Amino acid sequence: MLRVLAVDDEKPLLEELLYLLRSDPRVLSAEGASDATEALRRITRALETGPDGPDGIDVVFLDIHMAGLTGLDIARLLAGFAQPPLIVFVTAHEGFAVQAFDLKAVDYVLKPVRPERLAEAVRRACAQLGRAAGQAPEPAEPAGPVVPVQRRPAPEVTVADRTADQIAVELGGVTRFVAIADIAYVEAQGDYARLHTDEGSHLVRIPLSTLEERWAARGFVRIHRRHLVALGRIDELRLDAGTTSVRVGSAELQVSRRHARQLRDLLMRQATG
């Protein structure tokens, strides 16, 4: 069972988060800190007494925007310890997911916090602690999509295949379906991939290599370690001083040398029918 510290400088939100955490049977204890200074004091005490000590903390549920040190600052400080607690970011700000997972966060939960989404974050923390202890991971609950979502034009999204032709995107609790055919290219961003369409972009927690394999039959080709492109959406192929790039709409993307020949061959075959 988890020993949790929740950190948020907005008291009503902290109290609501603590209520939800304490309602979860997998949480042994949940304490709160209303600022970064108090949080660091509690975490330092926990690290000094050790993981089995009376002040031990397994997971920190951490807001990002706070007065003084931010949640990202705290996570960077904790990364310097040998056995830091796990981090789950709980924030209203969508744009820090890549940084959060670069800091090895277990999860990234957007406010307003939905109970089922928080329960999934708890499950992930339990699973990671179980793996560290050599235990079998707890099976996933058959809940709905759980990947962090954005609620604005460039959202972080929860992804699940509805059919082979669509991806389900959850926005503020509403699920809509995006056609794979509408995706022009995909960009790797840390542990995420950003799907670019004519109308915006969606950040999904799935490796680019997985999308490459899954969508190869749909005309998506790898052109760079960072980019996967829909072949039919390439408007121009440019060769300049030994470098290759493609234009996809208004975006110009570099093509790596190892992918350049294959891409030219594919475009030639496409042009000749």
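Here, every reference points to the structure presented above.
Description of the structure in this document. Keep in mind that this is a model prediction, so the values were computed, not measured.

1. Observations concerning the overall build of the protein chain
- The helix and strand inventory of the protein chain stands at 7 helices and 16 strands.
- Each of the 273 residues in the protein chain was classed as buried or not, and the buried ones make up 48%.
- For the protein chain, restricting intrachain contacts to residue pairs at least 6 apart in sequence, the fraction spanning at least 24 positions comes to 51%.
- As displayed, the protein chain offers around 14,100 Å² of accessible surface, 51% of which is attributable to carbon and sulfur atoms.

2. What about unusual backbone geometry?
- With an omega of -5°, the peptide bond between Lys 111 and Pro 112 qualifies as cis.
- Within the secondary structure, Pro 112 is located in the loop between strand E5 (107-110) and helix H5 (115-132).
- Even without being a glycine, Lys 104 presents a positive backbone phi close to 65°.

3. With respect to the packing of aromatic side chains
- Summed over all chains, the structure comprises 1 aromatic pair.
- Seen from their ring centres, Trp 215 and Phe 220 are 5.1 Å apart, and the 45° between their planes marks the pair as tilted. For the pair Trp 215 and Phe 220, one class covers both residues: buried.

4. Thoughts on the pairing of strand E10 (residues 192-197)
- E10 sits mainly inside the fold: 6 of its 6 residues count as buried.
- The side-chain alternation of E10 yields two buried faces, one formed by Tyr 192, Arg 194 and His 196 and the other by Ala 193, Leu 195 and Thr 197.
- With 6 bridges joining them, strand E9 (residues 183-189) and E10 adopt antiparallel strand pairing. Of the residues in E10, the one forming a bridge with Gln 189 is Tyr 192.
- The pairing of E10 with strand E11 (residues 200-204) spans 5 bridges and is classified as antiparallel. When the sheet's bridge partners are listed, Leu 195 is paired in E11 with His 202.

5. Brief notes about the packing of helix H2 (residues 36-49) against helix H3 (residues 71-78)
- It is the contact of H2 with H3, at a shortest axis distance of 11 Å, that shows an interaxial angle of 20°. Between H2 and H3, the crossing angle belongs to the class labelled roughly parallel. Helix-helix and strand crossings are classified by hand; for H2 and H3 the assignment is right-handed. Listed contacts from H3 to Ala 36, Leu 40 and Ile 43 of H2 are Ile 74, Leu 77 and Leu 78.
- Broken down by class, the residue content of the contact of H2 with H3 amounts to 6 nonpolar, no polar and no charged.

6. Overview of the pattern of salt bridges
- Throughout the structure, instances matching the rule amount to 19 salt bridges.
- Between Asp 73 and Arg 76 there is a salt bridge, and its shortest N-O distance comes to 3.3 Å. Linking Asp 73 with Arg 76, this pair stays in helix H3, spanning 3 residues, or about one helical turn.
- Given a relative accessible area of 43%, Arg 76 falls into the partly exposed group.
- Across the salt bridge formed by Asp 107 and Arg 117, the nearest N and O atoms sit 2.7 Å from each other.

7. Focus: the sheet that holds strand E15 (residues 243-248)
- Ordered by their spatial adjacency, 3 strands build an open sheet running E14-E15-E16, and the pairing between neighbours is antiparallel. Each of the sheet's edge strands pairs with one partner strand only, and the pair in question is strand E14 (236-240) and strand E16 (251-255). Mean inter-strand twist for the sheet, computed between neighbouring axes without regard to direction, equals 30°.
- Across 5 bridges, the pairing between E15 and E16 is antiparallel. Bridge assignment links Thr 244 to a residue of E16, and that residue is Val 255.

8. So, the environment of Leu 110
- Mapping Leu 110 onto the fold places it in strand E5.
- Considering only alpha carbons, one finds Leu 110 and His 93, 17 residues apart in sequence, at a separation of 7.1 Å.

9. Description of the pairing of strand E2 (residues 27-33)
- Of the strand pairs in this sheet, strand E1 (residues 2-7) and E2 are connected by 6 bridges, and their pairing is parallel. Residue pairing in the sheet places Arg 3 in a bridge with Ser 29 of E2.
- With respect to chirality, the unit in which E1 leads through helix H1 (residues 11-22) into the neighbouring parallel E2 is right-handed.

10. A closer look at the side chain of Asp 24
- As for its placement among the helices and strands, Asp 24 is situated in the loop between H1 and E2.
- Residue contacts for Asp 24: discarding those within four places in its chain leaves Ala 119 and Val 122.

Calculation criteria
Counting restarts for each chain: residues are numbered from 1 in the order of the written sequence. Whole-chain, interface and lining totals are the exception, using all residues; otherwise, since this is a predicted model, local features are given only for residues with pLDDT of at least 70 and side-chain atom pairs are given and counted only at 80 or more. Note: side-chain values were computed over all heavy atoms of the structure, leaving out hydrogens and water. Think of it this way: any DSSP run of H or I at least four residues long counts as a helix, any run of E at least two long counts as a strand, and we number them from the N terminus. The rule is simple: take the accessible area with a 1.4 Å probe, protein chains only, and divide by the maximum for that residue type; under 20% is buried, over 50% is exposed, in between is partly exposed. Contacts are assigned to residue pairs with any non-hydrogen atoms lying within 4.5 Å of each other. Each accessible area is a Shrake-Rupley estimate made with a 1.4 Å probe; only the visible protein chains count as cover when residues are assessed. Note on aromatic contacts: the rings of Phe and Tyr and the six-membered ring of Trp form a pair at centre separations within 6.5 Å, being stacked when their planes are under 30 degrees apart, edge-to-face when over 60 apart, and tilted otherwise. Note on pairing: two strands pair once DSSP finds at least 2 bridges between them. The axes used here are C-alpha line fits, helices contributing only the stretch in contact, and every angle between their N-to-C directions lies in the interval 0 to 180 degrees. For this classification, under 35 degrees means roughly parallel, over 145 means roughly antiparallel, 65 to 115 means roughly perpendicular, and everything else is oblique. Should the near helix be turned counterclockwise from the far one by less than a right angle, the crossing is left-handed, whereas a clockwise turn marks it as right-handed. Only Asp, Glu, Lys and Arg are considered charged in this grouping, and only Ala, Val, Leu, Ile, Met, Phe, Trp, Tyr, Cys and Pro are considered nonpolar; every other residue, Gly among them, is considered polar. Within this document, salt bridges are pairs made up of a side-chain nitrogen of Lys or Arg and a carboxyl oxygen of Asp or Glu, the two lying within 4 Å of each other. Crossover handedness is defined here as right-handed if the route from the first strand over the helix to the second strand goes clockwise, with the strands pointing away from the viewer.

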